[in-house]
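Given next are the chains, with one letter for each unit.
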Amino acid sequence: MAKINLNREPMPRQDPKLRVKNFNEVALGYSAEQAKAEASRCIQCPKRSCVEGCPVDIDIPDFIRAIRDDDMPEAVRILKSKNSLPGICGRVCPQETQCEVKCALDKKGAPIAIGRLERYVADWERANMGPAGSKVAPPKPTGHKVAVVGSGPAGLTAAADLAKMGHSVTLFEALHVAGGVLMYGIPEFRLPKAIVKAEVDYVASLGVDIMLDVVVGKTMSVDELLGNGYRAIFLGPGAGAPMFLNIPGENLNGVYSANEFLTRVNLMKAYQFPQYDTPVKVGQRVGVVGGGNVAMDAARCALRLGAEEVYIVYRRSEVEMPARREEVENAKEEGIQFRLLTNPKQFIGSDQNWVAGMECYQMELGEPDASGRRRPIAIPGSEFILKVDVAIAALGTRPNPIIPATTEGLETSRWGTIIADEVTGKTVKPAVWAGGDIVTGAATVISAMGAGKRAALDIDKSLRG
Amino acid sequence: MYQILLKEDLVVKVHLFKIAAPNVAGKARAGQFVIIRIDEKGERIPLTIADWDRKEGSVTVVFMEVGTTTHRLAELKKGDGIANFIGPLGKPTHIDNFGTVVCVAGGFAVATIYPIARALREKGNRVTSIMGARSKDLIFWEDRLRSVSNQLIVTTDDGSYGRKGLVTEPLKELLEAGGVDRVIAIGPSIMMKFSAKTTEPFGVKTIVSLNPIMVDGTGMCGCCRVSVGGATRFVCVDGPDFDGHEVDWDLLLARQRTYLDEEKLSFEQYQSRGKSGP
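In what follows, the accompanying structure is described. Since the model is a prediction, treat every value here as computed from it, not as a measurement.

1. Side note on the overall build of chain B
Right, on to step 1. Of the regular secondary structure elements, chain B holds nine helices and 16 strands.
Right, on to step 2. Radius of gyration (C-alpha) of chain B: 18 Å, near the 19 Å computed for a compact globule of 278 residues.
Right, on to step 3. Projecting the C-alpha coordinates of chain B onto the three principal axes gives extents of approximately 55 × 40 × 40 Å.
Right, on to step 4. Within the span of chain B, comprising 278 residues, buried residues form 59% of the whole.
Right, on to step 5. Across chain B, contacts joining residues at least 24 apart in sequence account for 65% of those joining residues at least 6 apart.
Right, on to step 6. Summing over all exposed atoms, chain B offers an accessible surface of approximately 11,200 Å²; the carbon and sulfur share of this is 49%.
Right, on to step 7. Put simply, chain B has 36 plus and 34 minus side-chain charges, and the middle of one group is 3 Å from the middle of the other.

Right under this line is the structure:
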């Protein structure tokens, strides 16, 4: 066997100076040569620990071997047999904490770039195999109708898997496009909407009927769906309700939730205003409160929309930041300014009810709290004013209350999440399963997909009785 | 696409669409709203439901030409389609037998108050309705509102029809005469604010239907947040009806002005590209 190669193929990226002026994708993807070189580094170890790290059980070493052997259709087949959304996962999954951290080469500091290879396979398929990609043989219809509520990562995955099992699936979406957070939340430069659309089209090509503009709980209730012949329902409506800081001045004009700011920019295409009708205020100085991926996304959108100074205001230090390392680095390269150990006390308004500044505390870290991270404590007398004309609260999201509030017989936690079996997603309500952020609270795309996958298996088992 | 089954030009700049939307029609109740988006480039805006026909599967909305979206909407004709029509959203107006209810409508909100007055009447309330407009040529649905009211008072700002003055004047007289158990006031924010101020000294519960800027309309963005009784509420899921005495009106009015500059720019672009151009 050849000597182990520890030179991880770097991901080609748009130059930071150029990319802050456009919404095009930052990471450009591997060339065929780079993909093959990276795939060839995989030692095909018998332990296959990477697969254990994958919430949807992709046969990772096998698709990597197919890339190495120049058998791309086979790589596509292996990948798609477990993951219906590889172009999305290859871009936004935190592989560094899932499959890649389990890689035998991780200990040597150079795990195989599984995410980048996954993306390469998905992009190759889209470019070379047409919109529907690798069509699977149509399964034998079971005659069972299943409803899936919410077309985000959990719902798309559950719908695709159930359709592949032969069930007749209807996917209900409240917004005017399918994709959920993949469409309204994650920006174009990190996840191009054409990729989401292609993968949604793939799910539709499996026979899933996608019904847009239906707010389950309002337009029709869960019990009405059950009465209309749906034998099982998977609830994946996500955690769509924004959290605010609950400090004075939060309702001033120019203070956004990250959800609103990103929805205006990504879903409604406010970055093309006035060609598109939805506006967004950007201002010159933007303060984004929070330290997760959503905060990075909002800050980087604001920069691309022309803000001169963009701050990440985060109450802990950089080590505790929940955002992916890669996104923090991207943000820094682009010129986002990090105000760490800083926490807003109140928003200061102008006489026109517009936000003019954020009064902030300097913070210090105390003993670890329930999350295991050191608790931030305000330093008395440390208040200072950060001048901003737009502020964005990226503090996480809560489950949207519409479905729990309008559905009899579901159990919810005090955080508003739906209580469901950790493995199967089964709720206490007969014929109803749930998964994704509505069960876990805000988490990752891939964990929601894993929940969708496991629920689909359990629904199938229950329907086949 | 959601087809326009009927278009009526009610008065200058105010139009009625009856739209085919069976799912929404099946669930609509007085006081709820829909979110519409005209086409791929359109914004999402809320429109209050004015009526519905469950058998026909249609929902009626009434709107006034104000900015780009409502002007573009007004260009559509019978048979045309709207890309998205989502609802019914928000909580329905609380309907019960309250006794005597005064329904106050400012401007084209007569279309919003009509199904509410009808529902109240069906519940056995004595309904007195007040509808106000700037002038006679802006009055519509007088007969319709009269048909569901025990008493109807019409006011115009310029005195060209009915009683001269604002809706708050007859409202005050009715309150002074006594026996009013509840007031429902719907119209421009400023009119709702002053209606609530009029009723406050009399201690009569006053329900208003707020109309902030919205995006998704399902509790996802928080754009429509208002302060009611000192607490932040989302109009799209917690409302649109609130106790008018507890609403922070100045905050609502300020937030409605968030995009004045952009609205102006968008409208200039719309006019310069010759209405429904590219």
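2. Looking at the interface of chain B and chain A
Right, on to step 1. Listed by partner, the interface residues are 48 residues for chain B and 42 residues for chain A.
Right, on to step 2. With both sides pooled, the region where chain B packs onto chain A buries about 3,700 Å², and carbon together with sulfur makes up 52% of that total.
Right, on to step 3. On the chain B side of the contact with chain A, Met220(B), Arg225(B) and Tyr259(B) bury the most area, a combined 18% of that side's loss.
Right, on to step 4. Viewed at the interface, chain A and chain B are joined by three salt bridges.
Right, on to step 5. Put simply, Glu224(A) and Lys27(B) hold a salt bridge, and the shortest N to O gap is 2.8 Å.

3. What about the nonpolar core?
Right, on to step 1. Ranked by internal contacts, the top residues of the largest apolar core, which has 76 residues, are Ile60(A), Phe63(A), Ile64(A), Ile67(A) and Leu117(A).
Right, on to step 2. Of all the elements, helix 18 (residues 445–464) of chain A adds the most residues to this core, at eight residues.
Right, on to step 3. Setting aside residues no more than four positions away along its own chain, Ile64(A) makes contact with Ala39(A), Cys42(A), Gln44(A), Ile112(A), Ile114(A) and Leu117(A).
Right, on to step 4. Residues Phe17(B), Ile36(B), Val59(B) and Tyr114(B) belong to the second largest nonpolar core, which totals 56 residues.

Rules and cut-offs
- All chains use their own residue numbering, which begins from 1 and follows the written sequence.
- Think of it this way: whatever chain is written first is A, whatever ligand is written first is 1, and the rest follow in order.
- The predicted origin of the model limits local features to residues at a pLDDT of at least 70 and limits the giving and counting of side-chain atom pairs to 80 or more, whereas totals for whole chains, interfaces and linings rest on all residues.
- No hydrogens and no water enter the side-chain calculation; it runs on all heavy atoms of the structure.
- By the criteria applied, helices consist of DSSP H or I runs no shorter than four residues and strands consist of E runs no shorter than two, each listed in order from the N terminus.
- Radius of gyration: C-alpha atoms only; globule rule: 2.2 Å multiplied by the number of residues to the exponent 0.38.
- We call a residue buried when its accessible area falls under 20% of the maximum for its residue type, exposed when it is over 50%, and partly exposed in between, using a 1.4 Å probe and counting protein chains only.
- Contacts were defined at the residue level, with two residues in contact if any of their heavy atoms lie within 4.5 Å.
- The accessible surface values rely on the Shrake-Rupley method and a 1.4 Å probe; as for residues, cover is taken only from the protein chains in view.
- His residues and chain termini do not enter the charge count, which takes Lys and Arg as positive and Asp and Glu as negative.
- To locate a charge, take atom NZ for lysine, CZ for arginine, CG for aspartate or CD for glutamate.
- Defined in terms of a 1.4 Å probe, buried area is the accessible area two parts forfeit on being brought together, summed over both.
- A pair is scored as a salt bridge if a Lys or Arg side-chain nitrogen falls within 4 Å of a carboxyl oxygen belonging to Asp or Glu.
- Residues belong to one nonpolar core when they are buried, are Ala, Val, Leu, Ile, Met, Phe, Trp, Tyr or Cys, and are joined through side-chain atoms within 4.5 Å.

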